[in-house]
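The lines below spell out each chain.
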Amino acid sequence: RGGHRAVAGLGPRAILAGLFCSAMSGGYHWWNALQLQRQADALERFQRSADTFKVLAIDAGAPPLPTEEFDRATGQNALEANEQLFEQLRREDRASKMERRR
C-alpha cells in the first residue's frame, strides 16, 4: 500500500544524506588543511627566530636566569626585545592572514 510512496521519497533523502556527508568530509579536510598551514607558518616563524632566543627544557636542572643578569650579560633589555619580537610576529601573522584572504 504505502510502500511505493516510501520508496519514492528515498531518492531525495539519499541525495541529501550524501550531500551532508560530503559537506562534513569536505569541512573536516578543509579544517585539517587550515591547521596544517597554521602549524607550518608557526614552525617557519620559529625557525626564523631561533637564533634570537634559545629554548631550554623545563627540566634542564638549572634555575632560571634572573632578568637583570641576562640583561647585563647580553647588553640589551630582554623584556623589550621579546616585546619587539612578538610585535613583529603579530604583524607578520596579520599580513599573512590578509594575503590569504585576497
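Draft legend 1. Spatial organisation of the overall build of the protein chain. Secondary structure summary: the protein chain contains 4 helices and 0 strands in total. The N-to-C order of helical and strand elements in the protein chain reads α-α-α-α. In the protein chain, which comprises 102 residues, the proportion classed as buried is 6%.

Draft legend 2. Main features of a nonpolar patch on the surface. Taken together, the side chains of I15, L16 and L19 define a hydrophobic patch exposed on the protein surface, amounting to about 330 Å² of accessible area. Mapped onto the elements of the fold, I15 is located in helix α2 (residues 10–48). For I15, a relative accessible area of 55% corresponds to the exposed category.

Draft legend 3. Examining the pattern of salt bridges more closely. Inspection of the entire model under this criterion finds 6 salt bridges. Taking the shortest distance from any N to any O, the salt bridge between D93 and R45 comes out at 3.7 Å. Here the residue D93 occupies a position in helix α4 (residues 78–101), and R45 occupies one in helix α2, the gap between them amounting to 48 residues. Residues joined by salt bridges that share partners form a network here, namely E83, E87, R90 and R91.

Draft legend 4. Just the packing of aromatic side chains, in detail. Applying the stated criterion to the full structure yields 1 aromatic pair. Where W30 meets W31, the ring centres are 6.3 Å apart and the plane angle is 50°; that geometry is what we call tilted.

Draft legend 5. Up close: the side chain of D41. Counting through the fold element by element, D41 comes out in helix α2. Within the structure, D41 has its side chain in polar contact with the side chain of Q37 (distance 2.9 Å).

Draft legend 6. The confidence of the model for the protein chain, seen in detail. Looking at the protein chain as a whole, the pLDDT averages 82, with 81% of positions reaching at least 70. For the protein chain, per-element mean pLDDT is lowest for helix α1 (residues 3–8), which scores 64, and highest for α2, which scores 91.

What counts as what
Residues numbered from 1 in each chain as written. Predicted model: local features only at pLDDT ≥ 70, side-chain atom pairs only at ≥ 80, totals over all residues. Heavy atoms only, no water. Helix = DSSP H or I, 4+ residues; strand = E, 2+ residues; numbered from the N terminus. Buried < 20%, exposed > 50% of the residue type's maximum accessible area, 1.4 Å probe, protein only. Patch = residues over 30% accessible without salt bridge, like charges linked within 9 Å, V, L, I, M, F, W, Y side chains within 5 Å. Areas by Shrake-Rupley, 256 points an atom, 1.4 Å probe, with all protein chains shown as cover. Salt bridge = Lys/Arg side-chain N within 4 Å of Asp/Glu carboxyl O. Phe/Tyr/Trp six-rings, centres within 6.5 Å; stacked < 30°, edge-to-face > 60°. Polar contact = N/O pair within 3.5 Å; in protein donor to acceptor, adjacent residues only side chain to side chain. pLDDT = per-residue confidence, 0-100.

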